[in-house]
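Survey of secondary and tertiary structure
The residues making up each chain are set out below.
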Amino acid sequence: QVQLAESGGGLVQAGGSLRLSCAASGRSFSRYTMGWFRQAPGKEREFVAAMNWSGGSTYYADSVKGRFTISRDNAKNTVYLQMNILKPEDTALYYCAVGLMIAARITTREGYDYWGQGTQVTVSS
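In this report, the structure presented in the accompanying data block is examined. Every chain is numbered on its own, with residues counted from 1 as its sequence reads. Reporting in this predicted model follows two pLDDT cut-offs: at least 70 for local features of residues, and 80 or more for side-chain atom pairs to be given and counted; totals over whole chains, interfaces and linings ignore these cut-offs and use all residues. Side-chain metrics in this entry use all non-hydrogen atoms of the structure; hydrogen atoms and water are not considered.

1. Some remarks on the pattern of salt bridges
Basic side-chain nitrogens of Lys or Arg form a salt bridge, by our definition, when they fall within 4 Å of a carboxyl oxygen of Asp or Glu. The final tally for this structure, using the stated rule, is five salt bridges. Residues glutamate 46 and arginine 38 are paired through a salt bridge, measuring 2.7 Å at the closest nitrogen-oxygen approach. Type-normalised accessible area, obtained with a 1.4 Å probe on protein chains alone, sets the label of each residue: buried when under 20%, exposed when over 50%, and partly exposed for intermediate values. Here glutamate 46 falls in the partly exposed class, since its relative accessible area comes to 35%. Accessibility expressed as a relative area gives 5% for arginine 38, which makes it buried. Here arginine 67 ties to aspartate 90 by a salt bridge, and the two come within 2.7 Å at their closest N and O atoms. Taken together, the residues span a long stretch of sequence, with arginine 67 in the loop between strand S6 (58-60) and strand S7 (68-73) and aspartate 90 in the loop between strand S8 (78-83) and strand S9 (92-99) at a distance of 23 residues. Each helix corresponds to a stretch of at least 4 residues labelled H or I by DSSP, and each strand to a stretch of at least 2 residues labelled E; elements are numbered beginning at the N terminus.

Right, here's the structure in full:
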């Protein structure tokens, strides 16, 4: 059974940093794209960042470029999201996701096959 377990969320002041982790189990995901989405109250789930299976290509939402960095360790089936210079508007439930998809679908929710339960990130002003 495939499971994705996020960790690392919490409460942080604006300008601070957090590092999210997502450990995948149940199969090898070395050939899968791994990504992060977030959902704020009353808003739709939106794409944040993704990395292809080799780590050679990364994708970021414009709102997080230059502040967030995605990385992965295929040996550990784990994807990370380093979040720096956090802003109150980054407050959301953060989900990791994995999937096999063409590049054109990497930023879409429909491109991902498996999802975690989410970890809350709250940024105070």
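2. Looking at the side chain of threonine 78
Structurally, threonine 78 can be placed in strand S8. Since its relative accessible area comes to 9%, threonine 78 is described here as buried. In contact with threonine 78, other than residues within four places in its own chain, are Cys22, Ala23, Met34, Ser71, Arg72 and Asp73. Residue contacts are counted whenever heavy atoms from the two residues lie within 4.5 Å of one another.

3. Thoughts on the environment of tyrosine 80
Take tyrosine 80: it is sitting in strand S8. A relative accessible area of 13% means that tyrosine 80 is categorised as buried. For the pair tyrosine 80 and glutamate 6, spaced 74 residues apart in sequence, the C-alpha to C-alpha distance is 9.3 Å. Setting aside residues up to four positions removed in sequence, tyrosine 80 forms contacts with Arg19, Leu20, Ser21, Trp36, Thr69, Ile70, Ser71, Arg72 and Asp73.

4. As for the state of the cysteines
Each disulfide consists of a covalent bond between the sulfur atoms of two cysteine residues. Here, a disulfide means two cysteine sulfur atoms that sit within 2.5 Å of each other. What the rule picks out here adds up to one disulfide. Residue pairing for cysteine 22: its cysteine sulfur links by disulfide to cysteine 96, the two sulfurs lying 1.9 Å apart. On the criterion of sequence distance, the pair formed by cysteine 22 in strand S3 (residues 18-25) and cysteine 96 in strand S9 is long-range, its members being 74 residues apart.

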